[in-house]
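These are the residues of each chain, in order.
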Amino acid sequence: MATLAVLLPLAVVTLAALVWLWPDARREAAPEQAGFQRVGGTITAITLTPCGETEPGAPKPHPATCGEATITVGEGRDLGSEVTVPLPSGPGSQRFAAGDDVVLLHNPEAEEGMPAYQLSDHDRSAPLLLLGAAFALAVIAFGRWRGVTALAGLAITFVLLLTFVIPGILAGEPPMLVAIVGASAIMLSVLFLTHGFTLATSMAVLGTLASLAVTGVLSYAVIGIAELSGITDDSSFTLDMSMSIDTQGLLLASIMIGALGVLDDVTVTQSVTVSELAAANPSYGFRRLYRAGSRIGRAHIASVINTIILAYAGASLPLLLLFSIGEQPLGEVLTTPVIAQEVARSVVGTLGLISAVPITTALAALVTSRHAPPSAPSAGDPEPGPAPRASGESFFTDAPGEPRTPGSGPYGDLYRPSHHDPSRPGGPYGDPHRPGVPDGDRPLPRRARHRRDAGSSP
């Protein structure tokens, strides 16, 4: 009831904010560049020619990019016809071969003497569809029904990002507010859909929410202290100049959304781990559950931190290579706006992850340790097993702190001399056909059964 008292208002507020901030569909589609239309085609032949002379200081084109390509048009009014277009030969141009599926730019209003088609790029539709199908099949084959729900959650994440977060920021809404509402909607829908409506999932949701709040506060403070503007490349500069978007708020939103992708992993792992520890050790209280869960969380965070740093380093590898070529001192490199922004993003995200471990572990331990006392067993219930013993306690005791009484246990006292009396009915294991005499939980050895059936003592 306490969990629902927190989650239901949170869900209502998130839904209301989602409806209030939802962008309208009045934005007009961007016009196609210079009247060009994208059409597909297939290269049937490549004719290479010697590359011409280049200007002094200009990079020389690769020999494989000099020549012409004969392409069969795959759509449009010229379907099935063949066109000959020059190969792109500028810096960074792609290399094409016969049989490649390509994308052409068609200008239906081209003047006479001007090419109506230009070779633009490779057509990657088929490889991406094959890759996506392989990904979905692998997830479903391993996760089964849980894999299906995970794919559904991934679809919800993409829908909210593409229909709410990005259009909302472009519509002029505060990026930080849009990111908070979008992250809350993704968290509530995806976690419950993927992991079910359980107390463990609820604790993961609450832990994620608290950690997101910590990450947001830290991000706001770091951006102000480090005086980060959020403008580090052509994309952010264009958004600031042409659309007047708050780039600092955009940076804050990117930090929170990026942190959410790792936070849900940590919080779900911690919550489920504590639940499994409580199920395996029913005698564990809040303190022991919290300590055991924290030890696991520290090991998890140690590996996740390295993952985050390597992910950012891999994404910024070309930039790091440029800095290395320039032979700038490390201090100057770290204080540049691009690197400083990535350092702030990594540090803030890591601090948010660190806060997620104690918060989620404490919530999960509090819930799992407050279990109801077991009820009296009914006539048809199986006999309960022995209670868990403390670490280091002897197993030769009937209860913690009590010595074993003679003749106790299902097998009697194995150390009494009278126990080995051959005249005792049934031998040392008792008489299984005599009421009131324990027959034990384990079967008799084969030799003992033969001797018993023959009428002799085992």
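Shown above is the structure to which this text applies.
This section reports on the structure supplied with the text. Source: prediction; values computed, not measured. (Residues numbered from 1 in each chain as written. Predicted model: local features only at pLDDT ≥ 70, side-chain atom pairs only at ≥ 80, totals over all residues. Heavy atoms only, no water.)

Moving on: a nonpolar patch on the surface. Taken together, the side chains of Leu330, Leu334, Val343, Val347, Leu351 and Ile354 present a nonpolar region at the surface, about 520 Å² in accessible area. No other element matches the four residues that helix α11 (residues 337-369) contributes to the nonpolar patch. (Patch = residues over 30% accessible without salt bridge, like charges linked within 9 Å, V, L, I, M, F, W, Y side chains within 5 Å. Areas by Shrake-Rupley, 256 points an atom, 1.4 Å probe, with all protein chains shown as cover. Salt bridge = Lys/Arg side-chain N within 4 Å of Asp/Glu carboxyl O. Helix = DSSP H or I, 4+ residues; strand = E, 2+ residues; numbered from the N terminus.)

Reported here for the largest pocket is a volume of approximately 540 Å³. Lining the largest pocket are 22 residues, with Leu154, Thr157, Val190, Gly261 and Asp264 positioned closest to its centre. Those elements giving two or more residues to the lining of the largest pocket turn out to be α2 (125-143), α3 (145-170), α4 (175-195) and α7 (247-280). Of the residues forming the lining of the largest pocket, the biggest block, seven residues, is contributed by α7. (1 Å grid on protein atoms, 1.4 Å probe; cavity = no way out; pocket = protein on both sides within 12 Å on 5 of 7 lines; lining within 4 Å. Points joined across faces, edges and corners; volume = space filled by probe spheres on them.)

Negative phi characterises most residues that are not glycine, and trans characterises most peptide bonds. A positive phi is found at Arg144, a non-glycine position, where the angle reads about 55°. One can find Arg144 in the loop between α2 and α3. A relative accessible area of 66% means that Arg144 is categorised as exposed. (Buried < 20%, exposed > 50% of the residue type's maximum accessible area, 1.4 Å probe, protein only.)

All right, on to the environment of Ile43 then. Its place among the elements puts Ile43 in strand β1 (residues 37-48). Each C-alpha atom, one on Ile43 and one on Ala97, is 7.1 Å from the other, the two residues being 54 residues apart in sequence. Those residues within four positions of Ile43 in sequence are excluded, and the remaining contacts are Thr70, Ile71, Phe96, Ala97, Ala98, Gly99, Asp100 and Val102. (Contact = heavy atoms within 4.5 Å.)

Here we come to the pattern of salt bridges. In this structure the tally under the stated criterion is two salt bridges. Between Arg124 and Asp121 there is a salt bridge; the shortest N-O distance is 2.9 Å. The closest approach of N and O atoms between Glu342 and Arg345, which form a salt bridge, is 3.5 Å. In this pair, Glu342 and Arg345 are both assigned in helix α11, three residues apart and thus about one turn of the helix distant.

Next up on the list: the packing of aromatic side chains. Scanning the entire structure with this criterion turns up three aromatic pairs. Ring geometry for Phe286 versus Tyr290: centroids 6.1 Å apart, planes at 20°, classification stacked. A residue pair is termed a helical-turn pair when its members lie 3 or 4 positions apart in one helix, as Phe286 and Tyr290 do in helix α8 (residues 286-315) at four residues. (Phe/Tyr/Trp six-rings, centres within 6.5 Å; stacked < 30°, edge-to-face > 60°.)

Before going further, it helps to spend a moment on the side chain of Thr194. Among the structural elements, Thr194 can be located in helix α4. Assessed through its relative accessible area of 12%, Thr194 is described here as buried.

This next bit is on the environment of Ile339. Considering the arrangement of structural elements, one finds Ile339 in helix α11. Sequence spacing of Ile339 and Leu319 is 20 residues, and the spatial spacing of their C-alpha atoms is 9.0 Å.

Read these as layout, nothing more, since geometry by itself doesn't imply function.
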